[in-house]
Amino acid sequence: MPQGPVGEFDVSGKIVAITGGASGIGLELAKLVLAKSAKVLIADLRLTPEAESLVDGKTAIYVKTDVANWSELENIVTVSKNVLGDVPDVYVAGAAVFEPEWSNFWDDTETESYRSVQINVNHPLKLTRIALRALLSRNKKGVVLIVASMGGYQGNIAATMYCTTKHALVGFTRSIGQLDSHEGVKVVTICPGMVDTPLWDTKPTAKKQLGYDPKLVMSARTAAEAELDLIESGKYKGGTVYEFSTLGGREIPTYFITPPGSTAPGLECGRLNVPIDWNDPRGEQTSLGLVRLKASNSSARIGPLLFNSGGPGSIPSEFINYTAQGLPLFGNILPQHFDLIGLDPRGMGMSDPVRCDPALANRRVSFFPTTQAEWDEMVAYNEEFAASCYNLTGALFAHVDTTSVARDMEAVRIGLGGEKLNWLGLSYATQIGVAYAELYPQDIRAMVLDGNLEHSLDEVSNMVTESTAYETELVRFADWCAGNSSCALHGKDVLAVFDEVASKADAAPIPAPGCDVTGACRSNVTGEEIRFNTQSFLLFKEPQTQLGIPGWGLLGDALNQTLHGNATILSTALETSDIDSETFAGLAVSCLDWTHSTRSLEDILYKEQLAKTLSPHTQGASQTWGIQSKCIGWPVPVANPPHKTHIRGAPAMLLVNSLYDPSTSIVWANSRFAQMPSSASMAIRKGDGHTSYTLGGESTAAMVRFLVELEKPAPNTVYTS
């Protein structure tokens, strides 16, 4: 047997056996490996129609398997040798049951033998033994992937048996991890969070018992992509237990204990009171919340690095908290050199929040009115909703503009010791950074602005710029689907499908049955909502396992399901609280930062005509359109109106933008750069998606070098990743 560790393990040309491969995550993994020219054995009790369409007897083989029957598990290897000519290289133990009535802790009988333990525990253990025997006999390296669950170390009384069995798998993986270095067989376990799989349908009450929330549910495709990465990547060694959810991915330490209040060790929390109105410094105060994770290498420490991922509505403290818990959002270099600071902007997160009436927020209103009655309804709704926010929030509601946020940053900088500021701002946070630079240029050491907003254009120019960027990216998504067999719409005219489902939903909202079960989203979806909501699915082309971002594949799934009458994925989430940093505080910030001067139905109809002409598929639906329509009737005036950028001095600043950003257009980046001081530089990423820092490619490395070494990219630098 070749000595380990297994290292990099590309599945191309290899044989992959998947128990539970006919549905859910297993089926999606089968599709992924087939797309990489691997051969797959789908081991399951029966084939679903979708799985049956994959089986061809040559590259995809069905092996009828009851995983509780050891001879049938052995038969997987026998079939592989007889049909495919060799034993499998990869063994995925994906079959499981979730608290079935016939085998669970609460409904058992005196004759119950807990067959669920046979399926959930004995089967992965036996499959691992079978894999080890088969691989040793052929002198091959290989991988065993066991599918557990976050319940394997968290537990839940509503799923006692399920969590117990998954806990056993975590312990087994830890115990046998040394096989990687000793025998060249890597055994790893993935612990997914909530995944949209058929398991939920076996016990419908579980969705309520376990707090099923569509916002926290990832697609089976997303989970399968994380599984494939765990199989192939050499950075994951034998014995790895990998957690993956919509909040990101991380290796679970051998002794994992969630600290009180979910605050990680080493993370410092603080508060700072500042004036609500900076023009009245002795007046009423508001409280800011922030966290700090000190530089891991004190001898190499440079200073504080404030981070904000945008929005408006992002909660920076969460990103720093996740980093402290082991999620490598900032890589290995920045945490060594900088104290990472997560300051939640006023109105958001740990800071005193903006509050609004959730019932009003959930009321459906069209923001593309075509009649006087619809216009009147929209304006009246805006006024009523904004009044609820003002009444619930108080004076702070009128002072969450970006200029006030920049002044808060300066107060925090001084409070932390007065060292010069380092800033990493993504998306809307580029506007925060520029606002700070206009006020305090002398206090900046290094500032990175990734995915740039432009705050000097007129309303029509802003709307056209963003809507056409969104439209362009939708067209590129359609091209991607045409060339990517993993896309659910591969082989179809994607733009025609998009137009078809949006038009159907215009005529009659399309049901979202998953929302009926959970109550967490609207029970149906209109065409306007499809056009608005699709933009967010285009923000990241490739999956980002660290952040739980699914990539474009999920949009293909969403549109395909909507085409067949299920629009759950595209449904709008319902508010359940009077606090929502993105929806409530984010809108409050936007209405104070951007003008919204449309005053009549006639005015907005001109804009609708223009938008539909230039963006025939998306028809102008975008974040900018939302601001310009939802802020009409706002009870407080714009506090930080658009204006040309004016920065004194020569602070070190780096702008980065992707060429095909569906949100912050490359047009905005060029326009913003033209207004910057000569000390600023700009680099472009030739690629898709919104912002570049989290991708971990060449552009990320350039941003890190700039922050640490103040090394500027050469003029007109273009990165490919």
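Keep in mind that this is a model prediction, so the values were computed, not measured.

So, about the overall build of the protein chain. Summing up its helical and strand segments, the protein chain has 25 helices and 21 strands in all. Radius of gyration (C-alpha) of the protein chain: 27 Å, near the 27 Å computed for a compact globule of 721 residues. On the principal axes, the C-alpha backbone points of the protein chain span a range of 75 × 65 × 55 Å. Across the 721 residues of the protein chain, 58% fall into the buried class. Here the analysis covers contacts within the protein chain between residues at least 6 apart in sequence; of these, 74% occur between residues at least 24 apart. Across the protein chain, 56 positive and 79 negative side-chain charges occur, with their mean positions spaced 7 Å apart.

Quick look at empty space enclosed by the protein now. Applying the stated rule across the entire model yields three cavities of 30 Å³ or more. Space inside the largest cavity adds up to approximately 230 Å³. Forming the boundary of the largest cavity are 20 residues, of which Leu453, Trp594, Thr624, Ile627 and Trp668 lie nearest the centre. For the lining of the largest cavity, the secondary structure elements donating two or more residues are helix 16 (459-482) and helix 23 (623-630). A total of four residues in the lining of the largest cavity trace back to one element, the largest contributor, which is helix 23. Looking at the lining of the largest cavity residue by residue, the class counts come to seven nonpolar, 10 polar and three charged. The calculated volume of the second largest cavity comes to roughly 70 Å³. In terms of lining residues, the second largest cavity is bounded by Thr403, Gln431, Val434, Ala435, Glu438, His455, Asn640, His643, Thr645 and Arg672. Of the residues forming the lining of the second largest cavity, the biggest block, four residues, is contributed by helix 15 (residues 428-439). The residue makeup of the lining of the second largest cavity, split by class, is two nonpolar, six polar and two charged.

Segmentation of the protein chain into domains returns domain 1 (15-251), domain 2 (267-353 + 400-456 + 643-719) and domain 3 (459-631). Placing the centre of domain 1 and that of domain 2 at their C-alpha centroids yields a distance of 41 Å.

On to the nonpolar core, then. If you look at the biggest cluster of nonpolar residues, it comprises 76 residues, and the most contacted ones within it are Phe385, Trp423 and Met447. Mapped onto the domain boundaries, this core takes at least three residues apiece from domain 2 (267-353 + 400-456 + 643-719) and domain 3 (459-631). Beyond its immediate stretch of four places on either side in the chain, Trp423 contacts Leu305, Leu306, Asn308, Met409, Ala429, Ile432, Gly433, Ala446, Met447, Val448, Leu449 and Leu707. Counting residues in each nonpolar core, the second largest holds 37 residues, with Ala43, Ala93, Ile119 and Ile130 among its members.

Attention now goes to the UniProt feature "domain: Peptidase S33 tripeptidyl aminopeptidase-like C-terminal" (unreviewed entry) in the protein chain. Residues given the UniProt feature "domain: Peptidase S33 tripeptidyl aminopeptidase-like C-terminal" (unreviewed entry) here are residues 622-717. Taken as a whole, residues 622-717 contains 30% helix and 19% strand, while its terminal C-alpha atoms sit 29 Å from one another.

Residues given the UniProt feature "domain: AB hydrolase-1" (unreviewed entry) here are residues 304-468. The annotated region residues 304-468 carries 45% helix and 15% strand content, and the separation between its end C-alpha atoms amounts to 38 Å.

Next up on the list: unusual backbone geometry. In this structure, Pro312 follows Gly311 across a cis peptide bond, with omega equal to -5°. Within the fold, Pro312 resides in the loop between strand 13 (303-308) and helix 10 (316-324). The backbone of Ser37 sits at a positive phi, close to 65°, despite the residue not being glycine. In this fold, Ser37 is placed in the loop between helix 1 (24-35) and strand 2 (39-44). Within the chain, Thr691 stands out as a residue other than glycine whose phi angle is a positive 70°. Relative to the helices and strands, Thr691 is located in the loop between strand 20 (680-688) and helix 25 (698-709). Classification of Thr691 by relative accessible area gives buried; the value is 4%.

Turning next to the pairing of strand 1 (residues 15-19). The side chains of a regular strand alternate between both faces of the sheet. For strand 1, the buried fraction is high: five of the five residues fall into the buried class. Where strand 1 and strand 2 come together, five bridges link them in parallel fashion. Bridge pairing links Thr19 to Ala43 in strand 2. What joins strand 1 to strand 2 is helix 1, and the crossover it makes is right-handed. When strand 1 meets strand 4 (residues 90-93), the two strands line up parallel, connected through four bridges. Directly across from Ile18, in strand 4, lies its bridge partner Val92.

Turning our eyes to something else, we now look at the state of the cysteines. Two cysteines whose sulfur atoms are joined by a covalent bond form what is called a disulfide. Tallying each qualifying case throughout the model produces four disulfides. There is a disulfide in this structure between Cys591 and Cys631, and the S-S distance comes to 1.9 Å. An S-S torsion of about -80° defines the bridge between Cys591 and Cys631 as left-handed. Of the two residues, Cys591 is situated in helix 21 (residues 581-593) and Cys631 in the loop between helix 23 and strand 19 (653-660); the sequence distance between them amounts to 40 residues. Of the two residues examined, Cys591 and Cys631, each falls in the buried class. Counting its disulfide-bonded cysteines in sequence order, the protein chain shows a connectivity of 1-2, 3-4, 5-6, 7-8. Just so you know, Cys163 is unpaired, no disulfide at all, and the nearest cysteine sulfur is the one on Cys191, 11 Å from it.

This part is about the environment of Lys712. By the element assignment, Lys712 lies in the loop between helix 25 and strand 21 (717-719). Sequence separation between Lys712 and Ala680 is 32 residues, and the spatial gap between their C-alpha atoms is 8.9 Å. With near-sequence residues (within four places) excluded, Lys712 lies in contact with Ser679, Ser681 and Phe706.

This part covers the pattern of salt bridges. Taken as a whole, this structure holds 27 salt bridges when the rule is applied. Residue Arg301 is joined to Asp339 by a salt bridge in which the shortest nitrogen-to-oxygen separation is 2.9 Å. Here the residue Arg301 occupies a position in the loop between strand 12 (285-293) and strand 13, and Asp339 occupies one in strand 14 (residues 338-343), the gap between them amounting to 38 residues. Using a relative accessible area of 31% as the deciding quantity, one classes Arg301 as partly exposed. With a shortest N-O distance of 2.7 Å, Arg301 and Glu419 are connected by a salt bridge. One end of the pair, Arg301, is in the loop between strand 12 and strand 13; the other, Glu419, is in the loop between helix 14 (402-415) and strand 15 (421-426), and 118 residues separate them in sequence. The class for Glu419 is partly exposed, based on a relative accessible area of 30%.

Another aspect to go through is the packing of aromatic side chains. Per the counting criterion, the structure on display carries 15 aromatic pairs. Residues Phe368 and Phe532 carry aromatic rings whose centres are separated by 5.8 Å and whose planes lie at 55° to one another, so their mutual orientation is tilted. With a gap of 164 residues between them, Phe368 in the loop between helix 12 (358-361) and helix 13 (372-393) and Phe532 in helix 19 (residues 527-537) connect regions that are remote in the sequence. For the pair Phe368 and Phe532, a shared accessibility class is recorded, and that class is buried. Taking the centre distance of 5.9 Å and the plane angle of 55° together, the rings of Phe385 and Phe584 count as tilted. You can see Phe385 sitting in helix 13 and its partner Phe584 sitting in helix 21, a full 199 residues away along the chain. As far as burial versus exposure is concerned, Phe385 and Phe584 are alike and both buried.

About the cut-offs
Sequence order as written defines the numbering, with residues in each chain counted from 1. Side-chain atom pairs in this predicted model are given and counted only at pLDDT of 80 or more, local residue features only at pLDDT of at least 70, and totals for whole chains, interfaces and linings cover all residues. Just so you know, side-chain values use all the structure's heavy atoms and leave hydrogens and water out. By definition, any uninterrupted DSSP run of H or I lasting at least four residues is a helix, any uninterrupted run of E lasting at least two residues is a strand, and each is numbered from the N terminus. What the globule rule says is 2.2 Å times the number of residues to the power 0.38, and the radius of gyration is computed from C-alpha atoms. Only protein chains enter the area calculation, which uses a 1.4 Å probe; residues under 20% of their type maximum are buried, those over 50% are exposed, and those in between are partly exposed. Residue contacts follow a heavy-atom distance rule, with two residues in contact if any of their heavy atoms lie within 4.5 Å. Positive charges come from Lys and Arg, negative ones from Asp and Glu, while His and the chain ends are left out of the count. Here the site of a charge means NZ on Lys, CZ on Arg, CG on Asp, or CD on Glu. The way it works is a 1 Å grid over only the protein atoms, where trapped points that fit a 1.4 Å probe form a cavity and open points with protein on both sides within 12 Å along at least five of seven lines form a pocket, and then any residue with an atom within 4 Å of a point lines it. Grid points are joined across faces, edges and corners, and a volume is the space filled by probe spheres set on the points. The residue classification treats Ala, Val, Leu, Ile, Met, Phe, Trp, Tyr, Cys and Pro as nonpolar and Asp, Glu, Lys and Arg as charged. All others, Gly included, are polar. For the domain bounds, the source is a domain assignment made automatically or taken from a database. Here, nonpolar core means buried Ala, Val, Leu, Ile, Met, Phe, Trp, Tyr and Cys residues that are tied together by side-chain atoms lying within 4.5 Å of each other. UniProt positions are given in the numbering used here, feature names are shortened, and annotations may be inferred rather than shown by experiment. When DSSP finds two or more bridges between a pair of strands, those strands are recorded as paired. Note on handedness: a crossover is taken as right-handed if, strands pointing away from the viewer, the path from the first strand over the helix to the second is clockwise. When the sulfur atoms of two cysteines come within 2.5 Å, that pair is taken as a disulfide. A side-chain nitrogen of Lys or Arg and a carboxyl oxygen of Asp or Glu constitute a salt bridge if their distance falls within 4 Å. Stacked, edge-to-face and tilted labels apply to pairs of Phe, Tyr and Trp rings (six-membered ring for Trp) whose centres lie within 6.5 Å, assigned for plane angles under 30 degrees, over 60, and everything in between, in that order.

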